[in-house]
Amino acid sequence: MSILIEIFKSFFPDFKSQHDIEEAFLSESTDVYDLERRMRLIDNAARDGARGLVYGTMMH
């Protein structure tokens, strides 16, 4: 599976993983309070996305 991912990355060198995007977002924080706020935003977005998947599968 990792070989397939590496091949995909070779075709799209500018492709960034969700982890990389989140790390860059967190690194732009100006202080501890801003960092915590950004962490909550990421957590809430992940939770909301997962909720949509669960509801979608329960409806079928």
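Remember, it's a predicted structure, so these values are computed and weren't measured experimentally. (Residues numbered from 1 in each chain as written. Predicted model: local features only at pLDDT ≥ 70, side-chain atom pairs only at ≥ 80, totals over all residues. Heavy atoms only, no water.)

**Q** Honestly, a nonpolar patch on the surface in this entry has me stumped. Any pointers?
**A** A cluster of nonpolar residues, I3, I7, F8, F11, F12 and F15, forms a patch on the protein surface that exposes about 670 Å² of accessible area. For F12, the position within the fold is in the loop between α1 (2-11) and α2 (18-27). (Patch = residues over 30% accessible without salt bridge, like charges linked within 9 Å, V, L, I, M, F, W, Y side chains within 5 Å. Areas by Shrake-Rupley, 256 points an atom, 1.4 Å probe, with all protein chains shown as cover. Salt bridge = Lys/Arg side-chain N within 4 Å of Asp/Glu carboxyl O. Helix = DSSP H or I, 4+ residues; strand = E, 2+ residues; numbered from the N terminus.)

**Q** In this structure, what is going on with the side chain of R38? I would like to understand it.
**A** With respect to the helices and strands, the residue R38 is situated in helix α3 (residues 32-58). Owing to a relative accessible area of 10%, R38 belongs among the buried residues under this scheme. (Buried < 20%, exposed > 50% of the residue type's maximum accessible area, 1.4 Å probe, protein only.)

**Q** Even after reading the chapter, I still don't get the confidence of the model for the protein chain, so can you show me in this structure?
**A** The predicted coordinates should not be examined in detail at positions where pLDDT is low. Summing up the model confidence of the protein chain, the mean pLDDT is 82 and the portion of residues at 70 or higher is 80%. Per-residue pLDDT, averaged within each element of the protein chain, yields its smallest value for α3 (79) and its largest for α2 (92). (pLDDT = per-residue confidence, 0-100.)

**Q** How should I be thinking about the packing of aromatic side chains in this particular structure?
**A** In this description, an aromatic ring pair is defined by two values, namely the gap between the centres and the angle between the planes. For the structure shown, the criterion picks out one aromatic pair. Both rings, one in F8 and one in F12, keep their centres 4.9 Å apart while their planes meet at 45°; by these two values the pair is tilted. With a relative accessible area of 39%, F8 lands in the partly exposed category. R38 extends its terminal NZ or CZ atom over the ring of F25, reaching a point 4.6 Å from the ring centre. (Phe/Tyr/Trp six-rings, centres within 6.5 Å; stacked < 30°, edge-to-face > 60°. Lys NZ or Arg CZ within 6 Å of the ring centre and 35° of its normal.)

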